[in-house]
Amino acid sequence: MTTQSSVEIGTEWGIVSARQAGRELSKGLGFSSVDQARITTAISELARNIYLYTKNGVIGLEVVNDGHRQGIIITARDQGPGIENLRDVMVDGYSTSGGLGAGLPGVKRLMDEFDIQSNPGEGTLITTTKWLR
Amino acid sequence: MRIPILKLGNYLLISIQVELDDQTALLFQEDLLNKIHQEGSQGIVIDLTSVDMIDSYIAKVIGDVVEMSNLMGAKVVLTGIQPAVAITLVEMGVSLNGVQTALDLEQGLEKLQQELEG
Ligand SMILES: Nc1ncnc2c1ncn2[C@@H]1O[C@H](COP(=O)(O)OP(=O)(O)O)[C@@H](O)[C@H]1O
Ligand SMILES: [Mg+2]
């Protein structure tokens, strides 16, 4: 597994850079235009959450190969406030910022695998994968 | 970055050709509402043909600008939403409820004309 890139999300420009990096990587790997949109949208949601809810964090993009197929793993890591109740934030429409509350549940549906780990006071790590069909 | 707003009779035409970062989206919201006020525009077409990704934040900004324009008495039609964008929006559960759409600019203008001129 090789890290392809990581983008610091400290300002909203980081959101744009992260999704551009995701667009290029997924295009280069041969993902369909719909999957490219799913991947860039997922990156944008995760990056925006880092921007909105934490001081800073990093979006990582990796290419993986499980022996049968290639995929992209997106990681979103921050040392922010963390999330108290993981079940709440996965409910459609749940938002503490007046947002649509569609980000995390949406990312889970757009991608093939989704994992979230968070410790209040320590931060959050989200790992999500899309496989090339 | 400012998104240009073109005036065509009673209508305003906007074609979004730039990467929609948050600043640009919010500035556009303000610019459009001011322009509607200045020009007394009744119909607006926002063309999204070149937009290859709409996340939930941008969707909210677009939904809000449509609602705000409606409040001011102007009708908005969104045109040219790409297949990949339509698919991701629905999968995300972001349904842009009550927002009028059309395939392209031309059909968007026709739709406005039908609604406004009967
Ligand atoms: N990285 C994070 N750190 C802390 N809280 C988060 C983080 N990401 C999301 N959250 C919390 O989860 C909620 C739901 O997030 P999301 O589904 O993206 O919807 P929205 O951003 O529209 O509120 C947010 O309102 C916020 O309270
Ligand atoms: Mg969010």
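Residues numbered from 1 in each chain as written. Chains lettered and ligands numbered in written order. Predicted model: local features only at pLDDT ≥ 70, side-chain atom pairs only at ≥ 80, totals over all residues. Heavy atoms only, no water.

Labelled according to an unreviewed UniProt entry, chain B appears under the name RsbT antagonist protein RsbS, originating from Geomicrobium halophilum.

1. Some thoughts on the sheet that holds strand β1 (residues 6–8) of chain B
Residue and element names in this part refer to chain B. Here is the rule: Any two strands between which DSSP finds at least two bridges are classified as paired. Put simply, DSSP H or I for four residues or longer makes a helix, DSSP E for two residues or longer makes a strand, and each gets a number counted from the N terminus. Axis definition: a line fitted to C-alpha atoms, over the contacting stretch in the case of helices. Angles run 0 to 180 degrees between N-to-C directions.
With mixed pairing, the 5 strands of this open sheet are ordered in space as β1-β2-β3-β4-β5. Every interior strand has two partners, whereas the edge strands, β1 and β5 (100–102), have only one. For this sheet, the mean inter-axis angle between neighbouring strands, taken without regard to orientation, is 25°. For strand β4 (residues 75–79) and β5, the ladder comprises 3 bridges, and the chain directions are parallel. Bridge pairing links leucine 78 to threonine 101 in β5.

2. Structural notes on helix α1 (residues 12–29) of chain A
All names here are of chain A. Applicable threshold: By definition here, a helix of n residues has an expected span of 1.5 Å times n minus one. Accessibility here uses a 1.4 Å probe with only protein chains present; expressed as a share of the type maximum, an area under 20% marks a residue as buried, one over 50% as exposed, and anything in between as partly exposed.
Helix length check: α1, at 18 residues, gives a terminal C-alpha distance of 26 Å against a target of 26 Å (1.5 Å per residue), a fit within 8%. Of the positions making up α1, those classed as buried are Glu12, Gly14, Ile15, Val16, Ala18, Arg19, Gly22, Arg23, Leu25, Ser26 and Leu29. Positive phi shows up at glycine 30, right after α1, with a value of about 95°.

3. Some details on helix α2 (residues 56–71) of chain B
What counts, and what does not: Here a residue-residue contact requires only that any non-hydrogen atoms of the pair lie within 4.5 Å.
The first and last C-alpha atoms of α2(B) sit 22 Å apart over 16 residues, in line with the 22 Å expected at 1.5 Å per residue. The complete set of buried residues in α2(B) reads B:Ser56, B:Ile58, B:Ala59, B:Val61, B:Ile62, B:Gly63, B:Val65, B:Val66 and B:Ser69. Where α2(B) is buried, its residues meet α2 (33–53) and α4 (103–110) of chain A together with α1 (22–39), β3 (43–47), β4 and α3 (83–92) of chain B. Note on α2(B): the residue one or two positions beyond its end, B:Gly73, has a positive phi of about 95°.

4. Quick look at the nonpolar core
Rule in force here: In this text, buried Ala, Val, Leu, Ile, Met, Phe, Trp, Tyr and Cys residues form a nonpolar core when linked through side-chain atoms within 4.5 Å.
By size, the foremost hydrophobic cluster in this structure holds 60 residues, and its most contacted members are A:Ile59, A:Ile74, B:Ile14, B:Leu32 and B:Ile46. Residues in contact with A:Ile74, not counting those within four places in the same chain, are A:Ile39, A:Ala42, A:Ile43, A:Leu46, A:Ile59, A:Gly60, A:Leu61, A:Met111, A:Ile126, A:Thr127 and A:Thr128. Counting 7 residues, the second-largest nonpolar core is a separate cluster that includes B:Tyr11, B:Leu13, B:Val77 and B:Leu112.

5. Examining the site of ligand 1
Residue and element names in this part refer to chain A. Note the following rule: One heavy atom within 4 Å of a molecule or strand is enough for the residue carrying it to be called near that molecule or strand. Polar contact is defined as a pair of N or O atoms within 3.5 Å, subject to the rule that within protein one atom must be able to donate a hydrogen and the other to accept it, and that residues adjacent in sequence are counted only when both atoms are side-chain atoms. What sets the accessible areas is the Shrake-Rupley method with a 1.4 Å probe; for residues, cover comes only from the shown protein chains. With a 1 Å grid laid over protein atoms only, a set of points is called a cavity when a 1.4 Å probe fits there but cannot get out and a pocket when it is open yet has protein on both sides within 12 Å along at least five of seven lines; lining residues have an atom within 4 Å of a point. For this analysis, a molecule is said to be in a pocket or cavity if more than half of its atoms are within 2 Å of the grid points defining it. For this classification, the nonpolar set comprises Ala, Val, Leu, Ile, Met, Phe, Trp, Tyr, Cys and Pro, the charged set comprises Asp, Glu, Lys and Arg, and every other residue, Gly included, is treated as polar.
Around ligand 1 sit 19 residues in total, of which Asn49, Tyr53, Ser95, Thr96 and Leu104 are the nearest. The side chain of serine 95 places a nitrogen or oxygen atom 2.5 Å from an oxygen atom of ligand 1. One nitrogen or oxygen atom from the main chain of glycine 103 is found 3.2 Å from an oxygen atom belonging to ligand 1. Here ligand 1, which alone exposes 530 Å², has 94% of that area covered by the protein. The cavity where ligand 1 resides is the largest pocket. Elements represented by at least two residues in the shell around ligand 1 include exactly α2 and α4. With 3 residues, the single largest contributor to the shell around ligand 1 is α4. Of the residues assigned to the shell around ligand 1, the class counts are 8 nonpolar, 10 polar and 1 charged.

6. Quick notes on the pairing of strand β3 (residues 70–78) of chain A
Residue and element names in this part refer to chain A. Of all 9 residues making up β3, 7 are buried, and the element is well covered by its neighbours. Joining the antiparallel neighbours strand β2 (residues 57–65) and β3 is a turn of 4 residues, in which glycine 67 adopts a positive phi near 100°. Pairing between β3 and strand β5 (residues 123–131): 8 bridges, direction antiparallel. Following the sheet pairing, isoleucine 72 is matched in β5 by lysine 130.

7. As for the side chain of A:Ser26
Tracing the backbone shows A:Ser26 in helix α1. Once residues within four sequence positions are removed from consideration, A:Ser26 is found in contact with A:Phe31, A:Gln36, A:Ile39 and A:Ile72.

8. A few points about the interface of chain B and chain A
Quick reminder of the rule: A simple way to read buried area is as the amount of 1.4 Å-probe accessible surface that goes missing from two parts once joined, with both sides added. Salt bridges are defined as contacts in which a side-chain nitrogen from Lys or Arg sits within 4 Å of a carboxyl oxygen from Asp or Glu.
With 19 residues of chain B at the contact, the number on the chain A side is 27 residues. Taken together, the two surfaces of chain B and chain A that pack against each other cover about 1,900 Å², and 56% of this comes from carbon and sulfur. Ranking the residues of chain B by area buried against chain A places B:Met53, B:Glu91 and B:Met92 at the top, with a combined share of 30%. Ionic pairing is found between B:Glu19 and A:Arg19, a salt bridge with its closest N-O pair at 2.8 Å. Here chain B and chain A share 13 residue pairs in polar contact (both at pLDDT 80 or more) between them. Contributions of two or more residues to the side of chain B that touches chain A are made by α1, α2 and α3 of chain B. The biggest single contributor to the side of chain B that touches chain A is α3(B), with 5 residues. Split by residue class, the side of chain B that touches chain A holds 8 nonpolar, 4 polar and 7 charged.

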